[in-house]
Amino acid sequence: METPASRSRIQLNPLRPLLRNPVALKELRGRMRGPRAFVVLTCYLMVVGGFTTLLYIAGTAATYSTSGEVDGGTLGRVLFGSVVAIELFLVTFITPAFTAGSISGEHESQTYDLLRTTLLPERQLVFGKLFSALAYVLLLLLAAIPLQSIAFLFGGVDIEEVLISLLVLLATAIFLGTVGVYYSALTHRTLRANIMTYVTILTVILITTAGAVIALAVAEGLNPSTSSTGSEWFLLIVRGIFVCLNPLTTLLATQQYLVNQQTLFTFQYTFSNGTTTTLPSPWIVFTILYLVLSVVVFFLTTRHLKRIEG
Amino acid sequence: MSIDTPEEKVIETPSGEAATETPVLTEVLPELPTVIDEQDLIIETRNLSKRYGRLQAINNLTLQVPRGAIYGFVGPNGAGKTSTMRILTTLMKPSSGEAYINGHSVVSAPREVRRSIGYMPDFFGVYEDMKVWEYLDFFAACYEIPEAQRPGLINDLLELVDLAHRRDDMVDKLSRGMKQRLCLARTLAHDPQVLILDEPASGLDPRARIEIRELLIELAKMGKTIFFSSHILADVNEICTHIGIIEAGQMVAQGPIKAMRQQLMPHRVLIITLLGRLDDAKEALLHVEGVQGIVDLPPEEGKTRIKVEFTGEDLRMSEMLQALTSKGIPVVNFAEESSDLEAVFMKATKGIVS
Ligand SMILES: Nc1ncnc2c1ncn2[C@@H]1O[C@H](COP(=O)(O)OP(=O)(O)OP(=O)(O)O)[C@@H](O)[C@H]1O
Ligand SMILES: [Mg+2]
């Protein structure tokens, strides 16, 4: 029997309302049962940790040879950046794997019809699947924070940077997870949903990278004396959108502005005619864009699921 | 809400003493609490049709299931039973026509329909990584049962389907029959008024089949309407109050089982096994009203058997038995032929086979 005291204590648990979602509770229970969750976490930390060690060895050797003395700040920055890049790579590949089977798997295990005839709203189904997958990804990200923090030992990295990188990684995971669930709802086969998700991700990466590079090249090719501020603005925005649609370029650009201008939230852009303007830092635009896109994809998914098969 | 677990299986013998041994399962007949009102339809379809491309799977089907009935939906493979059920359970849209459950249209009010029905598909899976109680807890939550009520509900449901001892086992380790019973418990989580069961007894051994049959009777006694499909005519014969025969997407015949038998099978068939005095027996039987003919059957284990064709109500059978016993004729077995419904079925579906 619950006493009033124990009940109020339970309700302080922030996960409580989320665990009211039956799907989230079931998935988390299933995911955490048995050795699988532990094995994935261990492998993930071993990969990230192994790479960090290698980079540390290579980094010390490289900084020694140039200055004869270890440059702590640079080494810290390189280590930090590398850990984040590895995490980004892993999140990009792990999140779809966690979500692309979420709804197609219910079809494959012949449990979808049972679920569908209950009163469970479609949005709760999608949210539960997404939440349980993302909760695990978040666990992976949080587990790697100590590795990111090794960089603190060398200086050159602030706590804000760690938080921003976490935010960008999380927004990436949310978007990729939503895309995975979307394809999982669209097709009844998990394999096909996986392929569709990865193809979409690779396309986004290729297009955004190519777009950013091309816009940059065009901007540099402009003749400063003849180009108008208007066309410069246009190219700047196009480039910005491409950069801010790709987590890797977003992180690189944010880092560059941070190093060059010492600002985290904004950066200054100087046009060729000498005027300057202040713009929001890429990570802010990225996070907003990815969250908005996630919401859109989420609604597309529930809309698709609401449709009764013809 | 609450689900009444069945009372102890105590049989009140006429003399008033209670016998606690399990009843002979096949002999349990439905005793429905109320008289069924044939006009009060809880499931109703009007000119329901469904086509898959060029295949007309359901063709102008008019289905009428009165409240409180145990309705057996029978038909050969591919007749359209599963398709009909998928429409009734809001999983599929009809191509044309209407379908109502408890007055709610399956197309325009799917949520109300889902609230009224419990559905067990012909093929279904269970989650691999769940315990039995977690499985029921999950579905109870999906049916918006408040958390505080769930533990009690789960215990009641497990008790009802006789799985209380497997509460903490993993679902995928259960036997087929147990999974079937667990799924049935799941369909009851929200105390629906109608159960739509697609071949609930398929793939089960005779024992498990009888258990399911018994459970259905128990549920009908709780006031639930049961609409189930089956190939096994014995199931239908023994527990249904109503039957509908579907073939090639069309309803061949439907109605209360008695009326169906009389309509389609004017002759009823009785098999009598005797230890001797065959001629006396024939003589006695021919004097009973309604008897149409008597045929000798090959003897079995040295006992004489005859087949009696007759028309009319059950009263005729009792008169026949009386006629035999009053003359001291040694009757050892006296039963209506159980394949009776099979004959109804064969007769009803003959000629329309596509
Ligand atoms: N999704 C589908 N796509 C195309 N045709 C289908 C589909 N589902 C069923 N059919 C066809 O519709 C007809 C009716 O099928 P249905 O499953 O409703 O029959 P049934 O009476 O349940 O048969 P059974 O007794 O074998 O379960 C069959 O000819 C079947 O091949
Ligand atoms: Mg079927």
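Predicted model, so just to flag it, every value in this text is computed and none were measured.

A closer look at the overall build of chain B
A count of helical and extended segments in chain B gives 11 helices and 17 strands. Each of the 354 residues in chain B was classed as buried or not, and the buried ones make up 50%. Put simply, chain B shows about 16,300 Å² of open surface, and 49% of that area lies on carbon and sulfur atoms.

Here's the deal with the side chain of B:Arg166
All names here are of chain B. Relative to the assigned elements, Arg166 resides in the loop between helix H4 (150-160) and helix H5 (176-187). At 2.5 Å, the side chain of Arg166 forms a polar contact with the side chain of Asp169. Dropping the residues within four chain positions of it, Arg166 is found in contact with Val132, Lys173, Leu174 and Met178.

Some thoughts on the sheet that holds strand E10 (residues 194-198) of chain B
All names here are of chain B. One open sheet accounts for six strands, arranged E9-E10-E11-E6-E12-E13; its pairing is mixed. This sheet does not close on itself; its edge strands, each paired only once, are strand E9 (117-120) and strand E13 (250-256). With direction set aside, neighbouring strand axes in the sheet form an average angle of 15°. Alignment of strand E6 (residues 70-74) against strand E11 (residues 225-230), held across five bridges, turns out to be parallel. The partner of Gly72 across the bridge, within E11, is Phe228. Across the sheet, H5 touches E9 and E10, and the angle it forms with E9 is around 160°. Contacting E6, E10 and E11, helix H6 (residues 206-221) runs over the sheet at an angle of about 155° to E11.

Things to note about the interface of chain A and chain B
Across the contact, 24 residues belong to chain A and 34 residues belong to chain B. Carbon and sulfur atoms supply 57% of the area that chain A and chain B bury against each other, a total of about 2,800 Å² over both sides. Three residues, A:Leu114, A:Thr117 and A:Leu119, lead the burial of chain A against chain B; their summed loss comes to 27% of the area buried on that side. The interface formed by chain A and chain B holds three salt bridges in total. As a salt-bridge pair, A:Arg29 and B:Glu134 come within 3.6 Å of each other at their nearest N and O atoms. Here chain A and chain B share 10 residue pairs in polar contact (both at pLDDT 80 or more) between them. Those elements giving two or more residues to the side of chain A that touches chain B turn out to be helix H3 (22-32) and helix H7 (112-116) of chain A. Counting residues per element, the side of chain A that touches chain B draws most heavily on H3(A), at five residues. Here the side of chain A that touches chain B is composed, by residue class, of seven nonpolar, seven polar and 10 charged.

Comments concerning H3(A)
Residues and elements named next belong to chain A. Of all 11 residues that make up H3, eight are buried, and the element is covered over most of its length. Inspection of H3 places Pro22, Val23, Ala24, Lys26, Glu27, Leu28, Gly30 and Arg31 among the buried residues, and these make up the whole buried set. At the N-terminal end of H3, a side-chain oxygen is found 2.9 Å from the backbone nitrogen of Val23, two or three residues along, and the residue is Asn21. Downstream of H3 by a residue or two, Gly34 has a phi angle that is positive, lying close to 80°.

Focus: the site of ligand 1
Residue and element names in this part refer to chain B. Around ligand 1, a shell composed of 13 residues is seen, among which Asn77, Gly78, Lys81, Thr82 and Ser83 lie nearest. At 2.8 Å, a backbone N or O of Gly78 approaches an oxygen atom of ligand 1. Gly80 places a polar main-chain atom, nitrogen or oxygen, 2.9 Å from an oxygen atom of ligand 1. Coverage of ligand 1 by the protein chains reaches 60% of its 640 Å² of free accessible surface. Elements that contribute at least two residues to the shell around ligand 1 include exactly strand E4 (55-61) and helix H1 (81-88). Broken down by element, the residue count for the shell around ligand 1 peaks at three residues, all from H1. Grouping the amino acids of the shell around ligand 1 by side-chain chemistry returns five nonpolar, six polar and two charged.

Side note on the environment of B:Leu182
Residues and elements named next belong to chain B. For Leu182, the position within the fold is in helix H5. Residue classification places Leu182 among the buried residues on the basis of a relative accessible area of 0%. In sequence terms Leu182 and Thr82 are 100 residues apart; their C-alpha atoms lie 21 Å from each other. Residues within four places of Leu182 in sequence aside, it is in contact with Val132, Tyr135, Leu136, Leu158, Leu163, Val171 and Leu174.

A look at the domain arrangement of chain B
Along its sequence, chain B is organised into domain 1 (41-260) and domain 2 (266-338). For domain 1 of chain B versus domain 2 of chain B, the separation of C-alpha centres amounts to 39 Å.

Focus: the pairing of strand E14 (residues 268-274) of chain B
Residues and elements named next belong to chain B. With seven of its seven residues buried, E14 lies for the most part within the structure. Because side chains alternate across E14, one face comprises the buried residues Arg268, Leu270, Ile272 and Leu274, and the other comprises Val269, Ile271 and Thr273, equally buried. Bridge count for E14 against strand E16 (residues 303-310) is seven bridges, and the pairing is antiparallel. Residue pairing across strands places Thr273 opposite Arg305, the latter belonging to E16.

Quick look at the packing of aromatic side chains
Any pair of aromatic rings gets described here by the distance separating the centres and the angle formed by the planes. Tallied over the full model, the rule gives 19 aromatic pairs over all chains. Here A:Phe175 and A:Tyr290 contribute two aromatic rings whose centre-to-centre distance is 4.7 Å and whose plane-to-plane angle is 50°, an arrangement assigned as tilted. Note that A:Phe175 is positioned in helix H10 (residues 159-186) and A:Tyr290 in helix H14 (residues 282-306), a separation of 115 residues in sequence. Each member of the pair, A:Phe175 together with A:Tyr290, is buried. The ring of B:Phe138 carries the charged tip of A:Lys26 above its face, separated from the ring centre by 5.6 Å.

Reading the values: rules and limits
Residues numbered from 1 in each chain as written. Chains lettered and ligands numbered in written order. Predicted model: local features only at pLDDT ≥ 70, side-chain atom pairs only at ≥ 80, totals over all residues. Heavy atoms only, no water. Helix = DSSP H or I, 4+ residues; strand = E, 2+ residues; numbered from the N terminus. Buried < 20%, exposed > 50% of the residue type's maximum accessible area, 1.4 Å probe, protein only. Areas by Shrake-Rupley, 256 points an atom, 1.4 Å probe, with all protein chains shown as cover. Polar contact = N/O pair within 3.5 Å; in protein donor to acceptor, adjacent residues only side chain to side chain. Contact = heavy atoms within 4.5 Å. Pairing = 2+ DSSP bridges. Axes fitted to C-alpha atoms, helices over the stretch in contact; angles between N-to-C directions. Buried area = accessible area lost by both parts, 1.4 Å probe. Salt bridge = Lys/Arg side-chain N within 4 Å of Asp/Glu carboxyl O. Nonpolar A, V, L, I, M, F, W, Y, C, P; charged D, E, K, R; others polar. Near = heavy atom within 4 Å. Domains from an automatic or database assignment. Phe/Tyr/Trp six-rings, centres within 6.5 Å; stacked < 30°, edge-to-face > 60°. Lys NZ or Arg CZ within 6 Å of the ring centre and 35° of its normal.

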